[in-house]
Amino acid sequence: MKFLCIFIALFLLNACSFENHKKSTKIGEVAAEISAKNLLGNEIKLNNDKNPLKVLVFFQNGCSSCLKELPYLDEFAQNYPDKISVYAINSANDIQTIQSLAKKFDFKKVKILKDDLKITQDRYAIFATPTTIIIKNGIIKDRILGETPWENLKSKLISLL
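Definitions and limits used
- Residues numbered from 1 in each chain as written.
- Predicted model: local features only at pLDDT ≥ 70, side-chain atom pairs only at ≥ 80, totals over all residues.
- Heavy atoms only, no water.
- Core = buried A, V, L, I, M, F, W, Y, C linked by side-chain atoms within 4.5 Å.
- Buried < 20%, exposed > 50% of the residue type's maximum accessible area, 1.4 Å probe, protein only.
- Helix = DSSP H or I, 4+ residues; strand = E, 2+ residues; numbered from the N terminus.
- Polar contact = N/O pair within 3.5 Å; in protein donor to acceptor, adjacent residues only side chain to side chain.
- Contact = heavy atoms within 4.5 Å.
- Disulfide = S-S within 2.5 Å.

Some remarks on the nonpolar core
F59, L70, L73, I84, I112 and L157 are the most contacted members of the largest nonpolar core, which has 26 residues in total. Taken together, the elements giving at least two residues each to this core come down to β3 (53–59), α2 (64–79), β4 (84–90), α3 (95–105), β5 (110–114) and α5 (150–160). When residues in this core are grouped by element, the largest group, 6 residues, is from α2. Listed in part, the 16 residues of the second largest apolar core include I44, L46, F58 and Y87.

Overview of the side chain of S91
On the secondary structure map, S91 appears in the loop between β4 and α3. Under the relative-accessibility criterion, S91 is labelled buried at 7%. In terms of polar contacts, S91 uses its side chain to reach the side chain of D115, at 2.9 Å. Discounting chain neighbours no more than four positions away, the residues touching S91 are F59, K114, D115, K118 and Q121.

A word on the state of the cysteines
In total, this model carries 1 disulfide according to the counting rule given. Sulfur-sulfur distance for the disulfide between C63 and C66 comes to 2.1 Å. Between C63 and C66, the S-S dihedral sits near 80 degrees, and the bridge is therefore right-handed. For the pair C63 and C66, one class covers both residues: buried.

See the structure below:
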């Protein structure tokens, strides 16, 4: 009986998790909240960010495509400080590696985050890096898997400003 109760509880939790996961990754759906911390260990929430346009870039050390688009996004965000926020989310590397990358690039507007438990990665069904999620007013507008030319990404962002 105890085994049956545990099995049913796990099944229900998994079903709820799957349903939330499915809703949070589709273009046109409400974006899931992130569960990540900045490099100081503070929890960051998208809902606390008042900018209407948010870009989530899932990256990792050693991914040259990931690291190539972040400086462009940093400069773009500096040009539109009250309209766009950029979050670089890392689920793969340890905090020391992420801090080293942050120091190397010295981003002014890109917020570097650590997704310790891979919750955000799971919510957004990230299976490869870079994956870029564009959110406008809480709704997922685009999902880009892999490297994309900066001019293409820039024109998408400008059209959403």
